[in-house]
Each structure stands twice: as structure tokens, then as C-alpha cells.
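Survey of secondary and tertiary structure
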Amino acid sequence: MSADPDPKEDARTVSDISTRSEQRRARDRDARPTAPVPSAAQAAPGRAGHTIALEKLSAYYGETRAVRDVDLTYAANQVTAMIGPSGCGKSTLVRCINRMHEEIPGARAEGKVTLDDVDIYDSSIDVTMVRRVIGMVFQKPNPFPTMSIFDNVAAGLRLSGVRGVDLRERVEWALRAAGLWDEVKDRLGAPGISLSGGQQQRLCIARTIAVEPEVVLMDEPASALDPIATLKIEDLVHELKERFTIVIVTHNMQQAARVAATTAFMLNGELIEHGPTDKIFSNPNDSRTEDYITGKFG
Ligand SMILES: Nc1ncnc2c1ncn2[C@@H]1O[C@H](COP(=O)(O)OP(=O)(O)OP(=O)(O)O)[C@@H](O)[C@H]1O
Ligand SMILES: [Mg+2]
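Every chain's residues receive numbers from 1 upward, in the order its sequence appears when written. A letter from A marks each chain and a number from 1 marks each ligand, given out in the order of writing. With the structure being a predicted model, the display of local features is reserved for residues of pLDDT at least 70 and the display and counting of side-chain atom pairs for 80 or more, all residues being used for whole-chain, interface and lining totals. In computing side-chain values, all of the structure's heavy atoms are included and hydrogens and water are not.

1. What about the nonpolar core?
Applied cut-off: Residues enter a nonpolar core if they are buried and are Ala, Val, Leu, Ile, Met, Phe, Trp, Tyr or Cys, with the set joined through side-chain atoms within 4.5 Å. The cut-offs for exposure are 20% and 50% of the maximum accessible area for each residue type, with area from a 1.4 Å probe on protein chains only; residues under the lower value are buried, those over the upper are exposed, and the others partly exposed. Numbering goes from the N terminus for both helices and strands, where a helix is a DSSP run of H or I of at least four residues and a strand is a run of E of at least two. Contact definition: two residues touch when any of their heavy atoms are within 4.5 Å.
Counting 50 residues, the largest nonpolar core has L175 and M218 as the members making the most contacts within it. Of the residues forming this core, the biggest block, six residues, is contributed by helix 6 (residues 164-177). Apart from the residues lying within four places of it in its own chain, the contact partners of M218 are V137, I205, V237, L240, I246, V247, I248 and V249.

2. Digging into helix 8 (residues 197-210)
Basically, it comes down to this: Here, expected helix span is obtained from the residue count minus one, scaled by 1.5 Å.
Along its 14 residues, helix 8 runs 20 Å from first to last C-alpha, staying within 8% of the 20 Å computed at 1.5 Å per residue. E212 lies just past helix 8 and shows a positive phi near 50 degrees.

3. Quick word on the pairing of strand 1 (residues 52-61)
Every regular strand shows the same layout, with side chains that alternate between the two sheet faces. Heads up, the rule is: Any two strands with at least two DSSP-identified bridges between them are counted as paired.
Burial analysis of strand 1 places seven of its 10 residues in the buried class, which makes it a mostly covered element. Between strand 1 and strand 2 (residues 64-74), which pair antiparallel and follow one another directly, the connecting turn spans two residues, one of which, G62, has a positive phi of 60 degrees.

4. Here we look at the side chain of Q201
Mapped onto the elements of the fold, Q201 is located in helix 8. In this structure Q201 touches V137, F138, Q139, K140, P141, P221, L225 and I233, once residues within four positions along its chain are discounted.

5. Observations regarding the site of ligand 1
Using the following cut-off: Near residues are defined by distance, with any heavy atom within 4 Å of the molecule or strand qualifying the residue. Polar contacts, as used here, are pairs of N or O atoms within 3.5 Å; protein pairs need one atom able to donate a hydrogen and one able to accept it. Residues neighboring in sequence count only if both atoms are side-chain atoms. The protein chains shown are the only cover counted for residues, whose accessible areas, like all others here, come from Shrake-Rupley with a 1.4 Å probe.
Looking at ligand 1, there are 13 residues lining it, with S86, G87, K90, T92 and H251 nearest. Residue K90 places a side-chain N or O atom 2.7 Å away from an oxygen atom belonging to ligand 1. Between an oxygen atom of ligand 1 and a side-chain N or O atom of S91, the distance comes to 2.8 Å. For ligand 1, the protein covers 59% of the area, taking 640 Å² as the surface of the free molecule. With three residues, the top contributor of residues to the shell around ligand 1 is helix 3 (residues 90-97).

6. A short note on the packing of helix 6 against helix 8
A pair of packed helices can be characterised by two numbers: the angle between their axes and the separation between those axes. For clarity, the cut-off: Every angle, taken between N-to-C directions, lies between 0 and 180 degrees, and every axis is a line fitted to C-alpha atoms, over only the stretch in contact when it is a helix. Should an angle fall under 35 degrees it is taken as roughly parallel, and over 145 as roughly antiparallel, whereas 65 to 115 is taken as roughly perpendicular and any remaining angle as oblique. Note on convention: the crossing is left-handed when the near helix lies turned anticlockwise from the far helix by less than a right angle, right-handed when the turn is clockwise.
Viewed as axis vectors pointing N to C, helix 6 and helix 8 meet at an angle of 130 degrees, and their least axial separation amounts to 8 Å. One way to sum up the angle between helix 6 and helix 8 is to call them oblique. Crossing handedness for the pair helix 6 and helix 8: right-handed. Listed contacts from helix 8 to R170, W173, A174, L175 and A177 of helix 6 are L203, A206, I209 and A210.

7. A closer look at the sheet that holds strand 9 (residues 262-267)
Taken in spatial order, the six strands of this open sheet run 6-7-8-3-9-10, and their pairing is mixed. Sheet topology places strand 6 (134-137) and strand 10 (270-276) at the edges, where each strand pairs with a single neighbour. Strand-to-strand twist across the sheet, computed as the mean angle between neighbouring axes with direction ignored, equals 20 degrees. Examined bridge by bridge, strand 7 (residues 215-219) and strand 8 (residues 245-249) share five bridges and lie parallel to one another. Across the sheet, residue V216 finds its bridge partner in strand 8, namely I246. Contacting strand 6 and strand 7, helix 8 runs over the sheet at an angle of about 170 degrees to strand 6.

8. What about the confidence of the model for the protein?
Here is the rule we go by: Confidence per residue, as judged by the predictor, is encoded in pLDDT with a range of 0 to 100.
Residue-level pLDDT values for the protein average 87, and 84% of them are 70 or greater. In this model residues 1-15 is a low-confidence stretch, pLDDT under 50, and it forms 19 contacts with partners more than four residues away in sequence or in other chains.

9. Concerning helix 5 (residues 149-159)
Residues of helix 5 that are buried: I149, F150, N152, V153, A154, A155 and L157. Residues of helix 5 that are buried make contact with helix 6, helix 7 (181-184) and helix 8. Directly beyond the C-terminal end of helix 5, a positive phi value near 90 degrees is found at G161.

10. Details of unusual backbone geometry
Look at K56: it is not a glycine, yet its phi comes out positive at around 45 degrees. Relative to the helices and strands, K56 is located in strand 1. Phi at E220 takes a positive value of approximately 50 degrees, unusual for a residue other than glycine. Tracing the chain through its elements places E220 in the loop between strand 7 and helix 9 (227-240). On the accessibility criterion, E220 (12% relative accessible area) is buried.

11. Considering the sheet that holds strand 5 (residues 118-119)
With antiparallel pairing, the four strands of this open sheet are ordered in space as 2-1-4-5. Where the open sheet ends on each side, the last strands, each with one partner, are strand 2 and strand 5. Inspection of the sheet shows strand 1 paired to strand 2 by seven bridges, in the antiparallel sense. Its bridge partner lying in strand 2, L57 is registered against V70. The strands touched by helix 3 within the sheet are strand 1, strand 2 and strand 4 (107-115), with strand 1 carrying the most contacts at an inclination of about 120 degrees.

Below, the structure written as C-alpha cells:
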């Protein structure tokens, strides 16, 4: 994606993204009380968040361009909502942010995505590290079907070499932060798929945050849930922003209004406008945004 960089620069950039993340995690862990932690917000208040910036980001499926020259900055420790009619490119754009888009045969991205000052498309960057640092929650809860509740959350941690008491503590922390601990603490060995849809989605959120990413991408995380489960996810998003930078795709304008500080409106692969959520919903700059939010199309 970017021009061939100096190999010395490469090494510095790659180690930067992993070392700085690990240092932050260690600092946060030291700051974290050892007693059970009631919520993500209380776990590490004021954790410094991280900014994602898209510059002239385009995404293709073969010859078809589904995202066109998007410039957009996601502020640290804020929730940004992505709205727009079906097929406008929201999921495609979000998948470019953690390099999942390129996994689709024939798909590619152009332009630049930076996490703070690190270009995550740099040729030297380890894609696995990108996906660990920028976690994703999907529309349909997708717990690992053969794994217990505990193992679903522990899976990513085990891959990172976490074992024993440390592993149990971090699983409990993630389940508490995801607002699920009290509902599952007596049946951690039960299959993940034995939970309700809303519980499974919180399990998937716990799984994502267990490895302590910097950014959490959520693609319509509550669209398959009933209103009560939806509100739980929204409460959770509120708490999680104390620790993470959050991007949430939603078709639900009330949800965007409830959870997001800023909202970005997309149409036909383009970013039409991005601004404070109350302004986008009350006094947008672009007439197409107004037409969409007032239900004239979409
Ligand atoms: N795997 C794929 N292969 C080819 N084209 C795709 C693929 N996924 C999406 N597209 C196309 O890319 C465009 C954007 O799709 P995308 O899924 O990003 O939209 P969206 O805004 O998330 O829509 P929705 O609100 O329905 O989820 C659409 O025209 C879609 O048909
Ligand atoms: Mg989508």
C-alpha cells in the first residue's frame, strides 16, 4: 500500500506496534486492582486511547470499488457510528480497518490506515498483530461452537501464552467487563452456544476484549437482539469507550444517537459527512444526509 520503506524503519515500526501495545497492557495490568473488577470503566479509568485515521481509503472487490477515497479520523476513546443505506460500504470499510477485507478472494484496499502513527498496511506489519490490536465483533454472534464459555474467552489469551492463574483472572476480567460474569460464573464449562443470543454476543465481546486490543470494531452488534439485550450492549459500549476506541456500524439511528459522540454517513461507497452525532441528526451539512435520516430513502 505504501511506497517501499527503508528496512531499518520497518523494523522500528513493527516492533513499535507490538512493544508499545505490550507496554500499555503491562501498565494497565499493574494499575488494575487484583480484586474482582466490576466494569471495564472501573478497571482502568482514563486509559489513553488510540486514534485511527483513514486517508483516501478505497476498497475493491475485483474491479468494483465498494469504498471510494474515504478520509476519516476516529478519535481516541470515543464511539463513532457508521450509518448509511444497505450496500453503501459500511462493512467493507470497517473490515479494511483491521485488514480482514483482503481475506476475501479478489478483494484489496488502497490508501492508508494508521493507528496513531503506525501505518497498518506497511509491508513490514504483521497482520495477526493488527487483528489483535484492532478487534472485531460481528453482526451474528459467532462463539467457537465446540468450546466452553471459559475457553471461548481464553482462546486468544492462550495463543498469546497466558496460562494458569493469570489466564483465569483475565477470563474473569473480560467476562465482567462484558457484563456477563454474573450470568455465567457458575457454568463456565458449559458450551458457549448454550447461551442466549444476547449472552452469546456479550461472550463474543468478552472474547474480543480479553486480548486487550486498542480499537474495537462492531458491525451491527445488536441487530439480531431483542430490545433489552440491545440496551445491555449499548450500556457496555458506553463503558468500553473508557478503555477502547470504538467504531460501531448500525442501521438504528436511535442507537447511533444513544451511543456515539460522532456519526459518519456513507452513500454509494463515499463518506458524505462526519460530525457530532446531534448535529448529523438535527442539522446535517449535506441534503443527502438529511434525506436519509428523515427516511426519504434507504
Ligand atoms: N464478498 C463480496 N464480494 C463482492 N462484492 C461484495 C462482497 N461483500 C460486499 N460486496 C459489495 O460491496 C458493496 C458494499 O457492501 P457492504 O457489505 O460493505 O455494505 P453495507 O453498507 O455493510 O450494507 P448492509 O447495511 O446491508 O450491511 C455492495 O455493493 C456489496 O454488494
Ligand atoms: Mg454491512
